[in-house]
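# Inside the fold
Here is what each chain is made of, one letter per residue.
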Amino acid sequence: AHPSRDKYDEAISQCKEARMMHLEAMANERCGMFLSDNGDDASKEYITAAYWLYNDWGASSKTNNMLEQHSFLTEATQGYRKAHSDASSNMRLANRMGGDFK
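Now for a quick tour of the structure. Here the structure is a predicted model, which is why all the values come from computation and not from measurement.

## A short note on helix α1 (residues 5-17)
An ideal rise of 1.5 Å per residue puts 18 Å on 13 residues; α1 measures up with 18 Å between its terminal C-alpha atoms. Turning to α1, its buried residues number three or more, namely Y8, I12 and C15. Seen end-on, α1 carries its buried residues on one side only, within an arc spanning 65°. Residues of α1 that are exposed and angled more than 90 degrees away from the buried face: D6 and E17.

## Observations concerning the side chain of T48
Its location among the elements puts T48 in helix α3 (residues 43-57). Among the residues examined, T48 registers a relative accessible area of 18% and is labelled buried.

## Remarks on α3
For α3, built from 15 residues, the straight-helix expectation of 21 Å at 1.5 Å per residue is met to within 8% by its first-to-last C-alpha distance of 21 Å. Restricting attention to buried positions, one finds in α3 the residues S43, Y46, I47, T48, A50, Y51, L53 and Y54. G58 sits one or two positions beyond α3 and adopts a positive phi of about 95°.

Definitions and limits used
- Residues numbered from 1 in each chain as written.
- Predicted model: local features only at pLDDT ≥ 70, side-chain atom pairs only at ≥ 80, totals over all residues.
- Heavy atoms only, no water.
- Helix = DSSP H or I, 4+ residues; strand = E, 2+ residues; numbered from the N terminus.
- Expected span 1.5 Å × (residues − 1).
- Buried < 20%, exposed > 50% of the residue type's maximum accessible area, 1.4 Å probe, protein only.
- Arc of directions from axis to C-beta.

So far we have only geometry, and geometry alone does not tell us how the molecule works.
As structure tokens, then:
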């Protein structure tokens, strides 16, 4: 049996249904690498999905490594990181002021 996008999509779907985020992330990453090796631009979608799944799972070392490996992820994640940074700054400010921030 040879790998194919359809087989990866099936594996990704099964991992998602089973709520196995870490395996879903790995399957997305492997599919992205497979598609990239075959010159398919859709690889970026799978790698980006893997990045966000790893991020949600809390695998910060992995996401940092992916940012170094895939330059397109820097742009894809820039807005999120800025929003997250702004939210953290606002929470710290509210805590210093002694109030609740909502």
